[in-house]
Amino acid sequence: MSNALDDTRRLLSLVAYLRERPGTRLEDVARAFGHDIEAIEADLGTLHMCGTSFMADDLLEPHVDSDGRVWLDNADAPVRPVRLAPHEALSLLVALRALAGLSGLRDRDREALGRVTAKLEDAAGEAAQVAAHVSVEFEAEESSFATMDRAIAEKRVLRLSYYVPRRDQVTERVVDPVRLLLVEGRPYLLAWCRTAEDRRLFRLDRVVAAELLDEASDPPTVAPFDPDEGLVQPTPDDVEVVLELGPGGRWVREYYPYDAIAELPDGGLRLTLRTPDTSVVRRLALRLGGHGRVVAPAELADEVRRTASAALAAYADA
């Protein structure tokens, strides 16, 4: 499966490929991109809607002739220069300078950012002078992003210090990074975790530290992950759990993936999630105390009550 970023990269690569190789046979294009002919035909259909505007003269015109050869007409249509408002130029300059200051950034990327920044400064006029007085400092999440991006590009192993909220513990992991992606608006690292010996998603705001190691990364082929399907990708064996959280338990939504969420009249939440291991939910319910309870399944709710009662009895005996 692919995400929107992968699709965009493939379409841009397809345009460049067809511009350089006009009249290439359709099956050869499919072979070059590692897709079947139907997928390439679908991409060509998408390119029909792409261009510098929605005017007919600005749209790409890919077509396949009767001999099965692919042509890309109107690929050299003039591109109109982008005109930025002063506030847009200011925002871009501040962002570019902040990115260039990230630790772990590759030298060639830093140099490319410098060239783009210099050109934009020349064109921005007074906005460039204002931007010089604005600075942005990234937190650990963004610094880790640069280190992870470099690890992926250079095919190197990472050592992560990673916070696990359900255990309230920072763990040490050695991982083979696969790619960075956005899931439900949050950045994650998809990687092969050598500790778990399985594919894992690491949320960047829970990465305490990321260290680039001098070891080549060679991860096994991991199962595909489609960000559009969200974090919760249940299996038939998963158990559906319903929690009711008081206002003091709203933090759970930030740390546990869920299927559905609803506001409650008292300011709390009703959360539905799926898990292959109900012991995780049992520990969560005990940690919540009076700020939450398990509603379903009934047997899990009974188990939590028995465990809580036994713990209270032990304190009473002491």
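Now for a look at the structure at hand. Note that the structure is predicted; figures quoted are calculated from it, not measured.

Cut-off values and rules
Residues numbered from 1 in each chain as written. Predicted model: local features only at pLDDT ≥ 70, side-chain atom pairs only at ≥ 80, totals over all residues. Heavy atoms only, no water. Helix = DSSP H or I, 4+ residues; strand = E, 2+ residues; numbered from the N terminus. Areas by Shrake-Rupley, 256 points an atom, 1.4 Å probe, with all protein chains shown as cover. Core = buried A, V, L, I, M, F, W, Y, C linked by side-chain atoms within 4.5 Å. Buried < 20%, exposed > 50% of the residue type's maximum accessible area, 1.4 Å probe, protein only. Contact = heavy atoms within 4.5 Å. Salt bridge = Lys/Arg side-chain N within 4 Å of Asp/Glu carboxyl O. Axes fitted to C-alpha atoms, helices over the stretch in contact; angles between N-to-C directions. Parallel < 35°, antiparallel > 145°, perpendicular 65-115°, else oblique. Nonpolar A, V, L, I, M, F, W, Y, C, P; charged D, E, K, R; others polar. Pairing = 2+ DSSP bridges. Arc of directions from axis to C-beta.

## Describing the overall build of the protein chain
The number of helices and strands found in the protein chain is ten helices and twelve strands. Surface summary for the protein chain: the accessible area is close to 19,100 Å², and the carbon and sulfur share equals 52%.

## Notes on the nonpolar core
By size, the foremost hydrophobic cluster in this structure holds 17 residues, and its most contacted members are Val241, Leu243, Leu245, Val252, Val281 and Val294. Breaking this core down by element, the ones donating at least two residues are β9 (239-245), β11 (269-275), α9 (278-288) and α10 (298-317). Top contributing element to this core by residue count: α9, with five residues. For Leu243, the contacting residues outside a window of four places in its chain are Leu269, Arg270, Leu271, Leu273, Val281, Leu284, Arg293, Val294 and Val295. Membership of the second largest hydrophobic core comes to 15 residues, among which are Leu160, Ala191, Cys193 and Phe202.

## Quick word on the pattern of salt bridges
Scanning the model with the defined rule gives 14 salt bridges in all. A salt bridge links Arg282 to Glu303, with the shortest nitrogen-to-oxygen separation between them at 2.8 Å. Placement of the pair is Arg282 in helix α9 and Glu303 in helix α10, with a sequence separation of 21 residues. What makes Arg282 partly exposed here is its relative accessible area of 22%. Through salt bridges that share partners, Arg150, Glu154, Arg156 and Asp214 make up one connected network.

## Examining the packing of helix α2 (residues 26-33) against helix α3 (residues 37-47)
Their axes nearest at 9 Å, the elements α2 and α3 cross at an angle of 95°. With respect to α3, the axis of α2 lies roughly perpendicular. Between α2, through Leu26, Glu27, Val29, Ala30 and Phe33, and α3, the contact on the second element is made entirely by Ile37, Ile40, Glu41 and Leu44. Grouping the amino acids of the contact of α2 with α3 by side-chain chemistry returns seven nonpolar, no polar and two charged.

## Topic: the sheet that holds strand β3 (residues 69-73)
A sheet is described by the order of its strands in space; here three strands give the open sequence β1-β3-β2, paired in antiparallel fashion. Either end of the sheet is taken by a strand with one partner, and the two such strands are β1 (24-25) and β2 (61-64). As judged from the four bridges shared by β2 and β3, these two strands associate in the antiparallel manner. If you follow His63 over to β3, its bridge partner there is Trp71.

## Topic: the sheet that holds β9
Strands sit in the order β10-β11-β9-β12 across an open sheet of four strands; the sheet is antiparallel. Bordering the open sheet on either side are β10 (260-263) and β12 (292-296), each of which pairs with just one other strand. Within this sheet the neighbouring strands show an average axis-to-axis angle of 25°, counted without direction. Each of β9, β11 and β12 touches α9; the most contacted strand, β9, lies at about 10° to it.

## Some details on the pairing of β10
As paired strands, β10 and β11 are joined by four bridges and run antiparallel to one another. Paired with Ile261 across the bridge in β11 is Leu271. Between β10 and β11, which pair antiparallel and follow one another directly, the connecting turn spans five residues, one of which, Gly267, has a positive phi of 95°.

## Here we look at α9
Restricting attention to buried positions, one finds in α9 the residues Ser279, Val280, Val281, Leu284, Ala285 and Leu288. The first or second residue beyond α9 is Gly289, which carries a positive phi of 60°.

## Considering α3
Given 3.6 residues to a turn, an α-helix orients residues that are three or four positions apart in the same direction. Buried within α3 we find Ile40, Asp43, Leu44 and Leu47. Looking straight down α3, one finds that the buried residues subtend no more than 100° of arc, so they occupy a single side.

## Concerning unusual backbone geometry
Note: most residues except glycine have negative phi, and most peptide bonds are trans. Put simply, Ala296 and Pro297 share a cis peptide bond, and its omega is 0°. As for its position among the elements, Pro297 is in the loop between β12 and α10. Even without being glycine, Lys155 reaches a positive phi, approximately 55°. Locating Lys155 in the fold gives a position in the loop between α7 (140-154) and β4 (156-164).

## Observations concerning the environment of Gly45
Relative to the elements of secondary structure, Gly45 occurs in helix α3. The class of Gly45 is partly exposed, set by a relative accessible area of 35%. Note: C-alpha distance between Gly45 and Pro62 (17 residues apart in sequence) is 7.9 Å.

## A look at the environment of Arg21
Mapped onto the fold, Arg21 is located in the loop between α1 (4-20) and β1. Each C-alpha atom, one on Arg21 and one on Trp71, is 8.6 Å from the other, the two residues being 50 residues apart in sequence.

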